[in-house]
Amino acid sequence: MAETAAPLPIEATGLIKRYGSFTAVDGIDFTVREGECVGFLGPNGAGKTTTVRMVTCFTPVTEGRARVFGLDVSIRPREIKRLLGICPQEDNLDPDFSVLKNLLVYARYFDLTGPGIRDRVEELLALMQLTDKIHANIRELSGGMKRRLMLARALLNNPRLLVLDEPTGGLDPQARHLMWQRVRSLRANEGVTVLMTTHYMEEASQLCDRVILMEGGKILLEGAPPALVEQEVGREVLEMWDYPAEVREFVRLASWRFEETEDRLYVYDRDRGRASEEIARRFPHQERLIRQATLEDVFLHHAGRTLKE
Amino acid sequence: MVIRGADEHERARPKGEPMKWYEVFARVSPLALRVWQRNADVFRTTILVNFIPPLLEPVLYIVAFGFGLGSLIKTVPYQGRQLPYLAFMAPGVISVAVMFWSYFETTYTCFVRMYYQRTFDAIIATPLLVEDVIAGEWIWGATKSVMACSIMLVGISCFGLAHWPSAVLVIPLAGLGGLLFAALGLITTSLVPQIEQFNLPTFIIIFPMFLFSGTFFPIDILPAWAVHVAWVLPLTHISSLIRGACLGEVPPHMLAGIGYLVAMTLAAAGLALVLMRRRLVK
């Protein structure tokens, strides 16, 4: 029965956040189940970070309700935060402390002191491949190292729910891949539940069991990445650029689903490449590219714009 | 050592109703001590740069004004007698330190932590609340005043300018003054959008007090209206009380002064908590 079932990591209903006359989050409902990795995917300003800030008790809920492990965010913030590991969008490490001291001071906020915590710190640094930087000052670390340190810090208190807000923003590709690897191994080895936000569709595809597409403070749709793509746009996309208006008219009259941005035309053809053949016949000099459909296409189809502004 | 921060009372808040302003006071918990500890750790790490040089500043004042000017002035009128200028001035320098150490800690240094380093964001991701951070910063500001003044007290004692045992009262006075100016600093921090804008309150409030609160010269030599204005300034009371402790005599308006300072400190601390929360939580 409902009473004996374990409470969900996150259960939010009718969540609204207003800043004065501006509505950042406009009535959303969502859940996160134990062991899942759920990602909010959307462009900057969609309301993803604001949603996460409400769930992590950083900012008060204007209307609606959010429960973390059964605890109301408006009533039990301290207990909730004891169960969370939060890795925010921007680094906020202490520049006056070494890597080790940063972690020890942070652990102290959770009343985690004593010899046991030193072992935990070393374990986490090894996991994040930062062992040889243990006594380095923060200023000596690269951007990617700082991000991994932020992730290590978020794990100090053995959280039941890990919250990652734009985990790889501004990192170079190598650093991003390393970060993804770490998160994936965390999930594989320790079954950590994860809530994350991102505006990189590749990141969402790589890490999330389920994505929630957000735009303008509302949820557009949600689902598992491969199923979502398949169901909304199909397997393949025909992409064209530098095209005359006749090409678009041709596509429109053929009743193929398509989306158009400022300089690109995307045709979603479920008919296994027939669109490409017909366009090639009619416009032999038109450059065409056929590629796999991605979450970016799903987003474009539903929001009328790309994830990147 | 485990410090427990209890959650506020469990009660459902009606939908959309924001927290009442007075409810912030119940949200402060002993976990504020962890913020104090963190600041103390940074202080220990940077002590050579941050603590030692500023302590030398009062020494320069004492040498320049005390010995320099003092050789010209020799004595000043104080409580119906002539007091050697150095004996008058040394407690004034300590009072000024009470103000500067706590005020600058909760303005410039606090702003850097809050805005540039985003340290408060890091702390709020733990079981601490914003109110714990504010309270921790407040107590830490006062702690810096107490530390600096204790050392200065030892320093002036070596020159025979502190009368013991009454001089020990300088410590709690520094604590009270530290709490007051730390709170005033936090109020300022809650209001300025950018760090450059600290210049205005610093110039309009702190600097006049620095000069006219009976620190470097007795206020009695000012015109009557100015004397009344001076007694409204908190630093005037602090310097008067500290001077009394160093000279081993009861200063004028002692009980009224203490009462005034305590009331002002409580009001300022309350205002600081409310305003800082308003700034930090949107």
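Residues numbered from 1 in each chain as written. Chains lettered and ligands numbered in written order. Predicted model: local features only at pLDDT ≥ 70, side-chain atom pairs only at ≥ 80, totals over all residues.

J.: So what exactly am I meant to see when it comes to the interface of chain B and chain A here?
T.: When the parts of a complex come together, some accessible area is lost, and that lost area is often used as the size of the interface. Of the residues lining the interface, 31 residues belong to chain B; the matching set on chain A comes to 28 residues. Only helix H1 (32–45) and helix H5 (119–124) of chain B provide two or more residues apiece to the side of chain B that touches chain A. Looking at side-chain class alone, the side of chain B that touches chain A contains 13 nonpolar, eight polar and ten charged residues. (Contact = placed C-beta atoms within 7 Å. Helix = DSSP H or I, 4+ residues; strand = E, 2+ residues; numbered from the N terminus. Nonpolar A, V, L, I, M, F, W, Y, C, P; charged D, E, K, R; others polar.)

J.: Just checking my understanding: could you explain the confidence of the model for chain B for this structure?
T.: Reading fine detail from the predicted coordinates is not recommended where pLDDT is low. Residues and elements named next belong to chain B. For chain B, mean pLDDT is 90; residues scoring 70 or higher make up 94% of the total. Low pLDDT, under 50, characterises residues 8–12; the stretch is placed with three contacts to residues that sit more than four places away or in other chains. The ipTM, which scores confidence in the relative placement of chains, is 0.90 for this predicted complex, and the corresponding pTM is 0.91. (pLDDT = per-residue confidence, 0-100.)

J.: Quick question: what am I supposed to make of the sheet that holds strand S14 (residues 288–292) of chain A here?
T.: All names here are of chain A. The four strands are arranged S12-S13-S11-S14 in an open sheet whose pairing can be described as antiparallel. Bordering the open sheet on either side are strand S12 (257–260) and S14, each of which pairs with just one other strand. Averaged over all neighbouring strand pairs, the angle between strand axes comes to 25°, with direction disregarded. The pairing of S12 with strand S13 (residues 264–268) spans four bridges and is antiparallel. The residue bridging Arg257 from the neighbouring strand is Tyr268, located in S13. On the sheet, helix H10 (residues 274–282) packs against strand S11 (236–241), S13 and S14 and is oriented at approximately 175° with respect to S14. (Pairing = 2+ DSSP bridges. Axes fitted to C-alpha atoms, helices over the stretch in contact; angles between N-to-C directions.)

J.: What is the right way to look at the environment of Ala6(A) in this model?
T.: Note that Ala6(A) resides in the segment before strand S1 (10–19). On the basis of neighbour counts, which here come to 8 C-beta atoms within 10 Å, the residue Ala6(A) falls in the exposed class. (Buried ≥ 20, exposed ≤ 12 C-beta atoms within 10 Å, placed from the backbone.)

J.: Please explain the pairing of S11(A) as it appears in this structure.
T.: Residues and elements named next belong to chain A. In terms of strand pairing, S11 meets S14 through five bridges, oriented antiparallel. Bridging across to S14, Met240 finds its partner in Arg288. Pairing of S11 with S13 involves five bridges; the strand directions are antiparallel. Each bridged residue has a counterpart across the sheet, and for Met240 the counterpart in S13 is Leu265.

J.: Looking at this structure, I do not really get the sheet that holds strand S2 (residues 22–32) of chain A. What am I missing?
T.: Picture the strands of a sheet paired through backbone hydrogen bonds; they go either parallel or antiparallel. Residues and elements named next belong to chain A. Reading across the sheet, the four strands line up as S2-S1-S4-S5 and stay open at both edges, with antiparallel pairing between neighbours. Lying at the two open borders of the sheet, with one neighbouring strand each, are S2 and strand S5 (71–72). As judged from the five bridges shared by S1 and strand S4 (residues 63–68), these two strands associate in the antiparallel manner. Across the sheet, Glu11 pairs through a bridge with Arg67, a residue of S4. Contacts from helix H1 (residues 48–55) reach S1, S2 and S4, with the element oriented near 115° to S1.

J.: Just to check I follow, could you spell out the nonpolar core for this structure?
T.: Generally speaking, soluble globular proteins have nonpolar side chains that are buried together. All names here are of chain B. In this structure, Ala90, Ile94, Trp138, Cys149, Val170, Ala183 and Ala272 are the most contacted members of the largest nonpolar core, which totals 156 residues. The greatest single-element share of this core, amounting to 17 residues, is contributed by helix H4 (residues 85–116). If we skip the residues at most four places from it in the chain, Ile94 touches Cys149, Met152, Leu153, Val170 and Ile242. (Core = buried A, V, L, I, M, F, W, Y, C linked by C-beta atoms within 7 Å.)

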